[in-house]
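A structural walkthrough
Read off the chains here:
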Amino acid sequence: MAKESERGTIDVRDLQDIRELINPEGITDGKIVAAQARFYDYCKMMNPKFYRDDRPYQRDLCETLQAIFEGRLINKDTGEPYKNLMINLPPRHGKSYTLTLFVQWCMGKKNDTRVISVSYNDILAGRFARNVRDGIDADKIDSKVTIFHDVFPTTRVKQGDAAAQLWSLEGQFFNYLATGFGGTITGIGCSMGIIDDPIKNDQEAFNDRVLDEQWSWYTDTFLSRIEEGGMQIIVMTRWSTKDLCGRLLASEDGDDWFVFCRRACLDEGERRMLCPDLLSWKSYMKKRRLTDDLHHFRCIVQRLRKTCCVISHIVGMSEGIMIFGINGCSQRIDRGFIGLINMFMIGFLTRIFFIQAFLQHGVKNLDAIFTAALYMIYCQVRIIQELLC
């Protein structure tokens, strides 16, 4: 305990002892000490060009991550700290990058942090794990550039146990495992489970089979690896209500998840974007028009698929035939009158749908309607080829 001298001041040697108790690593630089204590300051120190105070969503995200790590993010319904976090941000806004820095910071704070991270394939998962490992293991080349060891000098990667997707810190048995969805993670538990970008593209986002397989692997395998009191973090751009985030929120445990969500456009009337430097209003509207056209095209194709199924059931059931479906797979077609009826019924109903789509969506979506029309013409040509064989 610091003592007062005869003149009533604090002994300098006692103050030094207090500093060593607070910071046993001997760091006295105020900025370094702040980076140890606050994750957002760590991010700004690692990449000051990207993490800026005029991008408030970055500060909010960093503070949310730190709060859930420290058990300060309280669920108002239960009065207990949140253990599960969803991060939904637009593409190219630093979701995954911030998460790699967060894992580094957590391991610097607690060397026994054990992480399992999952991405849509092994390549992306390996890159995520490598970025965390290389950030911790970086050597200082430029004295003006701050590296991880400047902030946490005693945390180091164990040599000889530093494979890109499975590695440990000095003094630990296991700290990090990365794998793709469906990969092997048995035999290892974690205090932090991370799922980063489980959806590869829009085709997977609307593929029920892929979504069902991801959900099954999450519930059957991933959840069993989370240790008691461990935390889960899911980072993804939302595509569908049937994706992993949608199913979790719709489940009976949906209230156990804290959702950090920011839209790309905060106010369309004022054209105010979340971060104009990363996504401007002009780029946003251009991408949105393309997305809308794709959505309308999917709606048209979905209705055509249902129509083909109905026709196959009505006309083909009694004759035991299969028609050429909209899914692009040529199947057996009985030659003769029944096949011709199928072809003309598909053509007739398709034209009705296209007229309805044109009246509903207007001229701006002609490209999507025209693309679907060409696809249906292709289907009918394939039917004729089958009939003439």
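Structure: see above.
All of the points below concern the structure found in this document. Bear in mind that the values here come from a model prediction, so they are computed numbers and not experimental data.

Digging into the environment of Asp-243
With respect to the helices and strands, the residue Asp-243 is situated in the loop between strand S7 (226-235) and helix H10 (244-250). By relative accessible area, which is 1% here, Asp-243 ends up buried. Placed 33 residues apart in sequence, Asp-243 and Val-210 show a C-alpha to C-alpha distance of 9.5 Å. A polar atom in the side chain of Asp-243 sits 2.8 Å from the backbone nitrogen of Gly-246.

With respect to the packing of aromatic side chains
For any pair of aromatic rings, the description rests on two quantities: the centre-to-centre distance and the angle between the ring planes. Under the criterion given, the structure shown has 17 aromatic pairs. Between the aromatic rings of Tyr-51 and Tyr-97, the centroid separation amounts to 5.9 Å while the plane-to-plane angle is 25°, which identifies the pairing as stacked. Of the two residues, Tyr-51 sits in the loop between helix H3 (39-46) and helix H4 (56-69) while Tyr-97 sits in helix H5 (residues 95-109), which places them 46 residues apart along the sequence. For Tyr-97, a relative accessible area of 34% translates into the label partly exposed. Site record: aromatic cluster; members linked through ring pairs are Phe-39, Tyr-42, Phe-69, Phe-102, Trp-105, Phe-148 and Phe-152. Its end group placed over the ring of Phe-260, Arg-262 keeps NZ or CZ at 4.2 Å from the ring centre.

Some words on unusual backbone geometry
The phi dihedral of Asp-197 falls on the positive side, at around 50°, and the residue is not glycine. Counting through the fold element by element, Asp-197 comes out in the loop between strand S6 (190-196) and helix H8 (202-205). Overall, Asp-197 belongs to the partly exposed group, its relative accessible area being 23%.

Comments concerning helix H9 (residues 208-222)
Along its 15 residues, H9 runs 20 Å from first to last C-alpha, staying within 8% of the 21 Å computed at 1.5 Å per residue. By the N-cap criterion, in which a side-chain oxygen at the helix start approaches the backbone nitrogen of a residue two or three places on, H9 is capped by Asn-207, the distance to Arg-209 being 3.0 Å.

Focus on the pattern of salt bridges
Scanning the model with the defined rule gives 17 salt bridges in all. Among the ionic pairs, Arg-38 bridges to Glu-63, the shortest N-O distance being 2.8 Å. Linking Arg-38 in the loop between helix H2 (30-37) and H3 with Glu-63 in helix H4, this pair joins segments that are 25 residues apart in sequence. On the basis of relative accessibility, which here comes to 34%, the residue Glu-63 falls in the partly exposed class. Put simply, Asp-150 and Lys-140 hold a salt bridge, and the shortest N to O gap is 2.8 Å. One end of the pair, Asp-150, is in helix H7 (residues 148-151); the other, Lys-140, is in the loop between helix H6 (122-136) and H7, with 10 residues separating them in the sequence. According to the relative accessible area criterion, Asp-150 is partly exposed, its value standing at 24%. The structure contains a network of salt bridges with shared partners spanning Arg-52, Asp-54, Arg-55 and Asp-277.

Definitions and cut-offs
- Residues numbered from 1 in each chain as written.
- Predicted model: local features only at pLDDT ≥ 70, side-chain atom pairs only at ≥ 80, totals over all residues.
- Heavy atoms only, no water.
- Helix = DSSP H or I, 4+ residues; strand = E, 2+ residues; numbered from the N terminus.
- Buried < 20%, exposed > 50% of the residue type's maximum accessible area, 1.4 Å probe, protein only.
- Polar contact = N/O pair within 3.5 Å; in protein donor to acceptor, adjacent residues only side chain to side chain.
- Phe/Tyr/Trp six-rings, centres within 6.5 Å; stacked < 30°, edge-to-face > 60°.
- Lys NZ or Arg CZ within 6 Å of the ring centre and 35° of its normal.
- Expected span 1.5 Å × (residues − 1).
- Salt bridge = Lys/Arg side-chain N within 4 Å of Asp/Glu carboxyl O.

The quantities given are spatial measurements derived from coordinates; they are silent on function.
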